[in-house]
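Residues per chain are reported as follows:
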Amino acid sequence: MPKPKHILVLRFSAMGDVAMTVPVLRALTTLHPELKITVVTRAFFKPFFQDLENVTVYEADLKGKHKGVLGLYKLSKELISLNFDAVADLHNVLRSKILKFFFFGKKVVQLNKGRAEKKALVSGKKFTQLKTTHQRYAEVFKVLGYSVDLSQPRFPEPKSLSENLKSFISKTDLKTIGIAPFAAHQSKMYPLSQMEVIITELSKNYNIILFGGGQKEVEILNQFETKYNNVTSVAGKLNLEEELALISNLDLMLAMDSGNAHLAAMLGKKVITIWGVTHPFAGFAPFNQPKDFALTADREQFPLIPTSIYGNKFPEGYENAAGSVSEAAIVSKIKAVL
């Protein structure tokens, strides 16, 4: 069977997972410039793919015209008119399985999520590094006949900043650190009282830019901005494209096991991550970061970690597990890396 010349890539959400596709697609299209890729995803994620060669985005309106089975049928008709040869399903959920049914006759390769290994990891049967999500994505393309080399990654140049974006960097002579203190679940977050200690310490010698979203997060980050010199918050002030431009100019990002870590990594930034009840062994560490950039909770104190893959399940008393990583350890790690 001839190799497909045009591959349709399905990856609708979540933010971190969509961001993790970017370095893989960059490596794929660098090695195979003849290949055409169409990524089917939400309109919100379009800026992630803006500087990739031979990659276009097809917007799936999953809350509007493409909602439900009938909506997916409409979407499949629209996609079939693009004349793709094969499908890389990097999501492998009910929605993409329904689309697969409508793509009758097309070759579809679905992501192997490694559910059994992940179950063994969170049940405590096996505490070992699993394949990374990036490797799992690469394997899908390998089955379609395209090798992907993730060992020599290329990244885009930092974006030039508008006057508005420059205003978030207090002092041009200082290095700039992004801090994204929030995550989808509290159990994946570093306690804010401890994070404030880190912000206090780092703001003495570095520019600090705080990232977050949602009303409550905006309020908290604005308080930090008011309280400390060299600290600015972009929460609620910028669109995604502007945030990505700013992240591309950071010297380092400090984040939880969260979407912001993956945004910084896809842009080639150094990323220090703090882990609570989840663990990098599950394969969700940010792309191309040394293992020691992941600071994990103390497993002597919290032996059941990882308690879940996404941080949504954990036993009583584990909600602040991330706090077992000392503030001093985090500050000294950042200083050593910079």
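Just so it is clear, the model here is predicted, and its values are computed rather than measured.

Peer 1: So what about the sheet that holds strand S2 (residues 36-41)? Which residues, and what values?
Peer 2: The strand order across the open sheet built from five strands is S3-S2-S1-S4-S5, with neighbouring strands paired in parallel fashion. Looking at which strands have only one partner, the edges of the open sheet turn out to be strand S3 (55-59) and strand S5 (107-110). Averaged over all pairs of adjacent strands, the angle between strand axes in this sheet comes to 20°, irrespective of strand direction. Relative to S2, strand S1 (residues 6-10) runs parallel, the two being bridged by five bridges. Within S2, the position partnered with Leu-8 by the bridge is Thr-38. Running over the sheet, helix H1 (residues 15-31) touches S1, S2 and S3 and is turned about 175° from S2. Along the sheet face, helix H3 (residues 94-102) touches S1, strand S4 (86-89) and S5 and points at about 165° away from the line of S5.

Peer 1: Provide a residue-level description of the packing of aromatic side chains, including the pertinent values.
Peer 2: On inspection of all chains with the given rule, the structure shows 10 aromatic pairs. Ring centres of Phe-284 and Tyr-310 lie 6.2 Å apart, and the angle between their planes is 55°; this geometry places the pair in the tilted category. Placement of Phe-284 in the loop between strand S10 (271-275) and strand S11 (294-296) and of Tyr-310 in the loop between S11 and helix H11 (327-337) is noted, with a sequence separation of 26 residues between them. Since its relative accessible area comes to 10%, Phe-284 is described here as buried. Among the aromatic side chains, those forming a connected cluster through ring pairs are Phe-44, Phe-45, Phe-48 and Phe-49. Positioned above the aromatic ring of Tyr-146, the side-chain terminus of Lys-3 is 4.4 Å from the ring centre.

Peer 1: Now, about the packing of helix H7 (residues 192-202) against helix H8 (residues 215-227): what can you tell me, with residues and values included?
Peer 2: Two elements in contact, H7 and H8, have axes whose closest approach is 12 Å; the angle formed by their N-to-C orientations is 30°. It follows from the interaxial angle that H7 and H8 lie roughly parallel. Classified by chirality, the crossing of H8 by H7 is right-handed. Along its contact with H7, which presents Leu-192, Glu-196 and Ile-199, the element H8 presents Ile-220, Phe-224 and Lys-227. Among the residues making up the contact of H7 with H8, the classes are represented as four nonpolar, no polar and two charged.

Peer 1: Any details on the environment of Leu-10? Residues and values, ideally.
Peer 2: Mapping Leu-10 onto the fold places it in strand S1. Exposure remark for Leu-10: the relative accessible area of 1% places this residue in the buried category. Look past the residues within four positions of Leu-10 in its chain and what remains in contact with it is Val-40, Val-87, Ala-88, Asp-89, Leu-90, His-91, Ser-96 and Leu-99.

Peer 1: Give me the lowdown on the pattern of salt bridges, citing residues and values where you can.
Peer 2: In this structure the tally under the stated criterion is 11 salt bridges. Arg-26 is paired through a salt bridge with Asp-51; the nearest N and O atoms lie 3.1 Å apart. Placement of the pair is Arg-26 in helix H1 and Asp-51 in the loop between S2 and S3, with a sequence separation of 25 residues. With relative accessibility at 30%, the residue Asp-51 sits in the partly exposed group. Linking Glu-59 and Lys-46 is a salt bridge whose minimum nitrogen-to-oxygen distance equals 3.4 Å. Of this pair, Glu-59 sits in strand S3 while Lys-46 sits in the loop between S2 and S3, and the two are 13 residues apart along the sequence. You can call Glu-59 partly exposed: its relative accessible area is 38%. Using a relative accessible area of 40% as the deciding quantity, one classes Lys-46 as partly exposed.

Peer 1: I'd love a proper account of the sheet that holds strand S8 (residues 231-233), names of residues and values included.
Peer 2: Pairing between sheet strands relies on hydrogen bonds along the backbone, with the strands arranged either parallel or antiparallel. Pairing in this open sheet of six strands is parallel, and the strands run S8-S7-S6-S9-S10-S11 from one edge to the other. Edge positions in the sheet fall to S8 and S11, since each has one partner strand and no second. Neighbour to neighbour, the strand axes of the sheet diverge by 20° on average, direction disregarded. As judged from the four bridges shared by strand S9 (residues 252-256) and S10, these two strands associate in the parallel manner. Considered in S10, the bridge of Met-256 is made with Ile-274.

Definitions and cut-offs
- Residues numbered from 1 in each chain as written.
- Predicted model: local features only at pLDDT ≥ 70, side-chain atom pairs only at ≥ 80, totals over all residues.
- Heavy atoms only, no water.
- Pairing = 2+ DSSP bridges.
- Helix = DSSP H or I, 4+ residues; strand = E, 2+ residues; numbered from the N terminus.
- Axes fitted to C-alpha atoms, helices over the stretch in contact; angles between N-to-C directions.
- Contact = heavy atoms within 4.5 Å.
- Phe/Tyr/Trp six-rings, centres within 6.5 Å; stacked < 30°, edge-to-face > 60°.
- Buried < 20%, exposed > 50% of the residue type's maximum accessible area, 1.4 Å probe, protein only.
- Lys NZ or Arg CZ within 6 Å of the ring centre and 35° of its normal.
- Parallel < 35°, antiparallel > 145°, perpendicular 65-115°, else oblique.
- Left-handed = near helix turned anticlockwise from the far one by under 90°.
- Nonpolar A, V, L, I, M, F, W, Y, C, P; charged D, E, K, R; others polar.
- Salt bridge = Lys/Arg side-chain N within 4 Å of Asp/Glu carboxyl O.

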